[in-house]
Amino acid sequence: MKTVIKNIGQLVSGDIRAPRLDADSLVIVNGRIAALGRGLDDDAEVVIDARGSTVMPGLIDSHVHPVFGDFTPRQRAVDFIDSAMNGGVTTAISAGEVHLPGRPKDIVGLKALAIVAAKAYANFRPGGVKVHAGAPILELGMTEADFAEMAAAGVTLVGEIGLGSVKTGKDAAPMVRWAKQHGMTVTIHTGGPSIAGSSPIDADVVLEADPHVVGHINGGTTSLTPPEIERLVATEMALEIVQCGNMKTALHTLRVAREARATHRIIVGNDAPSGTGVIPLGVLRTLSLLAGLGGLDPAEAVACATGNTARVYKLDVGTIAEGRAADLVVCDAPTGSIAQDALGALAAGDLPGISMVLIDGAVTIGRSRNTPPAARAAAVVKGSEPSQGGH
Ligand SMILES: [Zn+2]
């Protein structure tokens, strides 16, 4: 199966070191990017005309709280993952299935939940989205054998440390080491507690625990202090900025990270569903914040929600390069924007309009039902039509 996307106005790579590609066409073979270049041929079963608009990697939401399927008990909402796909998200990473009613906190139960969540989402993609779930919440008493057992059963994540009984650096550090030894990627809650009954996690705890990711460094929802943020920027950990956090410290994190030449360590998530709600355009809104208010180059902002995250979580998505999965978003300035294209819209503080999403090279939607309308919309000009967007 071969697909060509032609007439691309701007190709955004997702690689923060070289965020713009000099190409106007893209060839996809069997769901993977096979070639990029100028004027590549139309000899394909499916031809998509981007009509001068922008193609970027599908966005990766680094912080979701799914349970099972596409339902969230926290906000009593269905189809929130499909709705996020309409906001450009093609991969979502669980920070813990914490909203499961009756979530078990004993060690056998929490391992079982993580294993079932990992396996269930490996078998089911809501809206086509690749959900990486099975992110156990650590509890006191876990041993290395518990991590070995989960890893052998397909668990690759550790959910936000601090939401369970492990909440000090001393308790977390050995468990983080075991998780890393077994190939898991580890995140930690930071800042004030998100719900009554949990505790604040400050920079000292994070430094002693030494996870891969400083979860919601701008708060989920109550932020770390600016001096604590500065101490964590001065490490090698990934710095996660979320939509459902504090916008002022999100911008402070960006400023400090830019000064430290550490923007390659910024990743972007929603931290939803949560008390703040379900925000289908939350990742796009965060990119608009970083570019529009924070002054970050908009193509670099896109990399923060694509290639940067893929590097941290070792995923074969997030950049436009030969061999990568063809998870793509086609977008443009929205109708009525002062901007001329999608990156200009982000820099202006607007949200781009999405006219097509592809996952593994297959068109999942045409015009998004959630973004404002793209001024120029991609169209399938040969081969099967995309399903219709809009409501
Ligand atoms: Zn949290």
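The model shown is predicted, which means the values in this text are computed figures rather than measured ones. (Residues numbered from 1 in each chain as written. Predicted model: local features only at pLDDT ≥ 70, side-chain atom pairs only at ≥ 80, totals over all residues. Heavy atoms only, no water.)

### A look at the environment of alanine 18
Note the threshold: Helical segments are the DSSP runs of H or I of at least four residues, strand segments are the runs of E of at least two, and each set is numbered from the N terminus.
Tracing the sequence through the fold places alanine 18 in the loop between strand E2 (10-12) and strand E3 (20-21). Along the backbone, alanine 18 and glutamate 300 are 282 residues apart, and their C-alpha atoms lie at a distance of 8.5 Å.

### Some remarks on the sheet that holds E2
For clarity, the cut-off: Only strands joined by at least two bridges in the DSSP assignment are considered to pair.
If you walk across this open sheet you meet the 6 strands as E3-E2-E7-E18-E19-E20, and the pairing is mixed. Each having just a single partner strand, E3 and strand E20 (362-365) make up the two edges of the open sheet.

### A few points about helix H3 (residues 144-152)
Put simply, the test is: Exposure categories follow from relative accessible area, calculated using a 1.4 Å probe and restricted to protein chains: below 20% of the type maximum is buried, above 50% is exposed, and the middle band is partly exposed. Within this analysis, the arc is defined by the directions that extend from the helix axis to the C-beta atoms. Here, residues are in contact when the closest pair of their heavy atoms is within 4.5 Å.
Those residues of H3 not exposed but buried are Asp146, Phe147 and Met150. Burial along H3 is one-sided: seen end-on, the buried residues are contained in an arc of 95 degrees. Exposed positions of H3 whose direction lies more than 90 degrees from the buried face are Ala145 and Ala152. In this structure, the buried residues of H3 make contact with helix H2 (107-123), strand E13 (157-161) and helix H4 (169-181).

### Some points on the sheet that holds strand E1 (residues 2-6)
What counts is decided by this rule: Lines fitted to the C-alpha atoms define the axes, with helices restricted to the stretch that makes contact. Angles between their N-to-C directions range from 0 to 180 degrees.
Ordered in space as E5-E4-E1-E6-E21, the 5 strands form an open sheet in which the pairing is mixed. Among the strands making up the open sheet, the edge pair consists of strand E5 (32-37) and strand E21 (379-382). The average angle at which neighbouring strand axes cross in this sheet is 25 degrees, direction not considered. As judged from the 5 bridges shared by strand E4 (residues 25-29) and E5, these two strands associate in the antiparallel manner. Its bridge partner being in E5, valine 29 is matched across the sheet by arginine 32.

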